[in-house]
Every structure is written in C-alpha cells, then in structure tokens.
Amino acid sequence: ETGVTQTPRHLVMGMTNKKSLKCEQHLGHNAMYWYKQSAKKPLELMFVYSLEERVENNSVPSRFSPECPNSSHLFLHLHTLQPEDSALYLCASSPLLAGSPLYGYTFGSGTRLTVV
Amino acid sequence: RKEVEQDPGPFNVPEGATVAFNCTYSNSASQSFFWYRQDCRKEPKLLMSVYSSGNEDGRFTAQLNRASQYISLLIRDSKLSDSATYLCVVKGYTGNQFYFGTGTSLTVIP
C-alpha cells in the first residue's frame, strides 16, 4: 500500500457525464501532481500544485479541472470528456523540491478511466 | 526533441543474465535522475535515484554521464520478478517538473 491513495480505481463514464477523481496523501508532502498515462506514451504531466497553489498547467483542455483544497488532497474534475481521454490517471506527491533534489515521486495506484 | 529518450525494447533475457538500459536527456542543466519500475497495470515505483558518482543497490547499478547526458541501469543476475517496465526520470533545473521516458520493457525468461 503506497502513501498516496486514489479513488476510484476504475471509472467508466459517458461523454456527457461529470465525475471527479480523488487523490489523498499522508506523507507530509507539499507538492502534488496529476499525470496522464496513455498506451505507448510517456507520462504526461497535467497539473502541479505546490503548497496548494497551482504552479504548472501544461496546456490541458478545460474539460479537466483540478482542485487542491489542502496539501493532502487533490481532485481532478472531469466533464464532457472524449474517448481519447481514456487513460490511466496517476496522482503523485513529493516533498517540496527545494532542499530535496534526490527525492522522487510517490505515485498513487491510478484511476483507469474509460470514456464511452 | 524529447526531454528524455529511452529504447522501448522489449528486452527478453534469460534468468541470470545481465542487462543494461540507457536513457538520454536533452537538458544539460537537469538536476536529478531516477529509475522507476512499473509493473503491468500498476503505478510507477521509485527503484533508485542516480548519483553523480554512480550507485549500487544489490543487483542494480545506476550510472550518470553528465558529459554525454545519459544515465544507465545495469541489472545483474536477472530474476523472473525483474520483469517490468523501467522508466527513466529526469528532474529539471527549475520548477517542479519531472520528465519521464516512455519506459523500457524487460521480460526475464525462465
């Protein structure tokens, strides 16, 4: 069991649905991330939050909307998705990177999303 | 040009073999380097950080060559349980950005 918990593990949604992915970490980390992993592609960074403030947003379509209410929780709100958005969505956390250059991420188990 | 490039493989090796993976990165100012392991349909997990002087953890040895901008992972005496995808990860000089390679697939055959 990792220190980063994601729910749900699997999600099937229609293109008109609205759903949310949840991520929770109890590692005392101050940075949280959403990544998308599609088949045969590298992990794509979607959003970065550092101390609950969004610091990076990598040209992600507005149908993905992140929320970070506190340093332990991260959400990804989904609406009007497309079939090509089907992928594994991974949440990760890390210590604040200044002063911890050798620490990598701790990933959650991911949510496998299928858009039909 | 991709930030991080890896040979996707697959590498199919017999048990007990030694196998090496390389990874190149494009930004010479990159600060930190890691190897992650990802099992099928699971999340990536940190295998080891890569230090400038090279480092070893049991059967695994990681090397960094800053001049040529590549890192390597050597696995000795391969076990069946080593079968996984190995991801090369590079942290940029600024910001919170980690760059991932596409991963190298390893299958260890009995």
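Everything here concerns the structure above.
Residues numbered from 1 in each chain as written. Chains lettered and ligands numbered in written order. Predicted model: local features only at pLDDT ≥ 70, side-chain atom pairs only at ≥ 80, totals over all residues. Heavy atoms only, no water.

> So what about the interface of chain B and chain A? Which residues, and what values?
With 21 residues of chain B at the contact, the number on the chain A side is 26 residues. For the pair chain B and chain A, the summed buried area comes to about 1,900 Å², and 59% of that belongs to carbon and sulfur atoms. Counting across the chain B and chain A interface gives 0 salt bridges. Our count for the chain B to chain A interface comes out at 3 residue pairs in polar contact (both at pLDDT 80 or more). Counting residues per element, the ones that place at least two in the side of chain B that touches chain A are strand S4 (32–38), strand S5 (44–50), strand S9 (84–91) and strand S10 (98–100) of chain B. Split by residue class, the side of chain B that touches chain A holds 8 nonpolar, 9 polar and 4 charged. (Contact = heavy atoms within 4.5 Å. Buried area = accessible area lost by both parts, 1.4 Å probe. Salt bridge = Lys/Arg side-chain N within 4 Å of Asp/Glu carboxyl O. Polar contact = N/O pair within 3.5 Å; in protein donor to acceptor, adjacent residues only side chain to side chain. Helix = DSSP H or I, 4+ residues; strand = E, 2+ residues; numbered from the N terminus. Nonpolar A, V, L, I, M, F, W, Y, C, P; charged D, E, K, R; others polar.)

> So what's going on with the state of the cysteines? Residues and values would help.
All names here are of chain A. Tallying each qualifying case throughout the model produces 2 disulfides over all chains. Shown here is the disulfide that connects Cys-23 with Cys-91, its sulfur atoms set 1.9 Å apart. Sign of the S-S torsion, about -70° for the bond between Cys-23 and Cys-91, identifies this disulfide as left-handed. With Cys-23 in strand S3 (residues 18–25) and Cys-91 in strand S9 (residues 87–94), the pair connects residues that are 68 residues apart, well separated along the chain. On the accessibility criterion, Cys-23 (0% relative accessible area) is buried. You can call Cys-91 buried: its relative accessible area is 0%. Free of any disulfide, Cys-68 has its nearest neighbouring cysteine sulfur in Cys-91, separated by 9.1 Å. (Disulfide = S-S within 2.5 Å. Buried < 20%, exposed > 50% of the residue type's maximum accessible area, 1.4 Å probe, protein only.)

> Can you lay out the sheet that holds strand S7 (residues 64–70) of chain A for me, pointing to particular residues and giving the numbers?
Pairing between the strands of a sheet is mediated by backbone hydrogen bonds and can be parallel or antiparallel. Residue and element names in this part refer to chain A. Spatially, the 4 strands line up as an open sheet ordered S1-S3-S8-S7, and their pairing is antiparallel. The open sheet has two edge strands, strand S1 (4–7) and S7, and neither has a second partner. The average undirected angle you get between the axes of adjacent strands in this sheet is 15°. Examined bridge by bridge, S3 and strand S8 (residues 73–79) share 7 bridges and lie antiparallel to one another. (Pairing = 2+ DSSP bridges. Axes fitted to C-alpha atoms, helices over the stretch in contact; angles between N-to-C directions.)

> Help me get a handle on the sheet that holds strand S6 (residues 55–57) of chain B, residues and values and all.
All names here are of chain B. Strand order in the open sheet made by the 5 strands is S1-S3-S8-S7-S6, with antiparallel pairing throughout. With one partner strand each, in any of the chains shown, strand S1 (4–6) and S6 form the two edges of the open sheet. Averaged over all pairs of adjacent strands, the angle between strand axes in this sheet comes to 20°, irrespective of strand direction. Here 6 bridges tie strand S7 (residues 60–65) to strand S8 (residues 70–75), and the two strands are oriented antiparallel to one another. In the strand pairing of S8, Gln-63 is matched with Ser-72.

> Describe the environment of B:Ala29, naming the residues involved and giving the relevant values.
Looking at where B:Ala29 falls in the secondary structure, it is placed in the loop between strand S3 (19–25) and S4. A sequence separation of 40 residues divides B:Ala29 from B:Gln69, and the C-alpha atoms of the two residues are 9.8 Å apart.

Structural measurements only, silent on function.
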